[in-house]
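Summary of the model geometry
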Amino acid sequence: MVTKHVTRYGHEAWPEDLVSLTQQLHYYNERLLDFTQAQILQGLRKGVDVQRFTADDQYKRETILGLAETLEENVYSIALSLAQRYSVSHWEVFMTHLEFLFTDSGLSTAEIENRAQALHLFETLKTDPETFHRHMVKYIYPTIGGLDHERLLYYFTLLESCGCTDFEKYAIKPDTHIRLLKKFKVVAAGLNYKKLTDETMSPLEALEPVLSSHNILSISKLVPKIPEKDGRMLSPSSLYTIWLQKLFWTGDPHLIKEIPESLPEWLHAYDVCTKYFDRLHPGDLITVVDAITFSSKAVTKLPVEARKEMTRKAIKTVKHFIEKPRKRHADDDQETNDSTITYADTLNHLEKSLAHLETLSHSFIVSLKSSEQEMLQKYSILYDLSRSEKGKLLDQAVDMCLDGQPLRMIQQLLEVAVGPLDISPKDVVQSSIMNVISELSGGSADLGGPRDPLQVLEGVVAAVHASVEKGEELVSSEDLLGWLRPFCGDDTVPVRPRIRVLQIVEQCFHLTEQDGKLLVFFRTEAILKAGWPQRQIAYGKDKRSLFFHLILQDSLQFISSLEPSLISNLFVHIFPHM
């Protein structure tokens, strides 16, 4: 009664000589209340340290928020009571409880929604939408599975209803997420929605597994609201592009019930796909037809005749589109305006594809394909996939040259392809030599695997020599030396690989007098550096005395071990006018 009476009034209500006593009474009364609260907490058996709760304000705050993480009504009520007494904001308590409901409560989404409404959490939480948004994004969103459309829908509904739209950094706003999720819940339950909206991933990759004839139309109406990684919105055409490839190769429960095996079955599958070609932008149509006729799957699974027939049908379809343009939707018009590829371009592409497929029956290509050598079979596949595209063919021809294949074989490959290519065997050998030089100079050229560049060079030089011996006049020894001389004269490159390069050429071709002297010079320089590794090698009149001094001082034994030609060359360079 005394405590209640004293604490009812402030310190100013008491005589001055009693103020210190009332202050002490207030202090001990607070400690007593803390102790009483701590005992209550201890009775909850939640592992609360009573003494620390009484003395440590930070521990007190953490304990109160920890108590909010519960479904026990009495414990939650105590947490609210303690929060009010110790000035912990109800906003923090409510946010902590909401995070618990999403992450650790084990409740269904509907149960979470009902409890949150019953406790009136959002009337308080929406007073600070920026902090609410930050907590939701940081602590709650990562715990929601991409396939849990129901919970994701509730999550974005909360962001929308609590006024968080202005704080959303991503291209898709909460209201758009809500519309998308309501649709995807119905037509694509297996969609990983978080992958779909992850700005670091391709949304088409997320959509491809769930696409079918049942939902392709519905989803095509949704994709213009979904951004690609580059920020541009997806188009219905891009969606049909990935679906038609899936439809052709893996089938569909309604349209193609079994994966085709025979030629008629493959052609039937293709005919099913062509019914949707009018949904494709010209560039996407190229992508689809190439995926069907010029992919690794096409080479291994489809007969060449099937691929040719499919290409002919595609050409017929495109010609029809050119002759009778269809009325396009607004989305299609925008897509067409953004693209530089026309149906005329598509037609040219397909006609070249057909011409390339016709070359696969050429005796040279057939001989590669039927060869018992695995490497030659690989060349036939690479040629098949090249579509006679200049870049791909050049890369293949360079690979063949680096493998040491005959230049005549490379010439035949280039002659068979659909031209004009403007690539000669000489261009191929030069590119190969440049790759080797780059590798020897410390670069990272592609030599077809981790191979010794000098061994690769030996194969190239041997192929050139064999060609010269046969009188083919494709590449001359002078061409070869002309490409190698700049490397051999580069004093920033170690001497030994330069010597080895000239030796490789010398094994197959007669070096000119200049190149022969250069080779002897390099050999001399290498041996001198081996004998005097700490000295700089230089030549000229002013070096004569130094040279004799070195010989007399400590190098007589070293010089006597040199070959006569090297000693002669050494003197020539040091005493050029003797």
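Let us look at the structure shown here.

What follows is about unusual backbone geometry. Cis peptide bonds are those with omega within 30 degrees of zero, and the linkage from Gly419 to Pro420 qualifies with 0 degrees. In this structure, Pro420 sits in the loop between α25 (407-416) and α26 (425-440). At Arg387, a position not held by glycine, the phi torsion is positive, near 55 degrees. Tracing the backbone shows Arg387 in the loop between α23 (374-386) and α24 (390-402). Judged by its relative accessible area of 5%, Arg387 is buried.

Within the largest apolar cluster, 80 residues are counted, with the highest numbers of intra-cluster contacts made by Leu98, Phe132, Phe184, Phe248 and Phe277. For this core, the element with the highest residue contribution is helix α15 (residues 236-250), accounting for 8 residues. Those residues in contact with Phe132, other than ones at most four positions away along the chain, are Trp91, Met95, Leu98, Phe122, Leu125, Leu158, Leu159, Cys162 and Cys164. If you look at the next biggest cluster of nonpolar residues, it comprises 52 residues, including Leu360, Ile365, Val429 and Val505.

So, on to the packing of aromatic side chains. Centre distance and the angle of the planes are the two values used to describe a pair of aromatic rings. On inspection of all chains with the given rule, the structure shows 14 aromatic pairs. Relative to Phe132, the ring of Phe122 lies with its centre 6.5 Å away and its plane at 85 degrees, an arrangement referred to as edge-to-face. Placement of Phe122 in helix α8 (residues 121-125) and of Phe132 in helix α9 (residues 129-140) is noted, with a sequence separation of 10 residues between them. Residues Phe248 and Trp266 carry aromatic rings whose centres are separated by 5.3 Å and whose planes lie at 35 degrees to one another, so their mutual orientation is tilted. Note that Phe248 is positioned in helix α15 and Trp266 in helix α16 (residues 263-274), a separation of 18 residues in sequence.

Relative to each other, α24 and α25 sit at 165 degrees, their axes nearing to 10 Å. Between α24 and α25, the angle falls in the class roughly antiparallel. For the crossing formed where α24 meets α25, the hand is right-handed. Residue-level contacts link Leu393, Gln396, Ala397, Met400 and Cys401 of α24 to Met409, Ile410, Leu413 and Leu414 of α25. Of the residues assigned to the contact of α24 with α25, the class counts are 8 nonpolar, 1 polar and no charged.

What follows covers the layout of surface pockets. Estimates place the volume of the second largest pocket at around 420 Å³. Around the second largest pocket sit 24 residues that line it, and Tyr141, Tyr170, Thr197, Asp198 and Glu199 are the ones nearest its centre. Elements with a minimum of two residues in the lining of the second largest pocket: α9, α10 (149-161) and α12 (193-196). Considering each element in turn, the lining of the second largest pocket owes the most residues, 3 residues, to α10.

Thresholds applied
- Residues numbered from 1 in each chain as written.
- Predicted model: local features only at pLDDT ≥ 70, side-chain atom pairs only at ≥ 80, totals over all residues.
- Heavy atoms only, no water.
- Helix = DSSP H or I, 4+ residues; strand = E, 2+ residues; numbered from the N terminus.
- Buried < 20%, exposed > 50% of the residue type's maximum accessible area, 1.4 Å probe, protein only.
- Core = buried A, V, L, I, M, F, W, Y, C linked by side-chain atoms within 4.5 Å.
- Contact = heavy atoms within 4.5 Å.
- Phe/Tyr/Trp six-rings, centres within 6.5 Å; stacked < 30°, edge-to-face > 60°.
- Axes fitted to C-alpha atoms, helices over the stretch in contact; angles between N-to-C directions.
- Parallel < 35°, antiparallel > 145°, perpendicular 65-115°, else oblique.
- Left-handed = near helix turned anticlockwise from the far one by under 90°.
- Nonpolar A, V, L, I, M, F, W, Y, C, P; charged D, E, K, R; others polar.
- 1 Å grid on protein atoms, 1.4 Å probe; cavity = no way out; pocket = protein on both sides within 12 Å on 5 of 7 lines; lining within 4 Å.
- Points joined across faces, edges and corners; volume = space filled by probe spheres on them.

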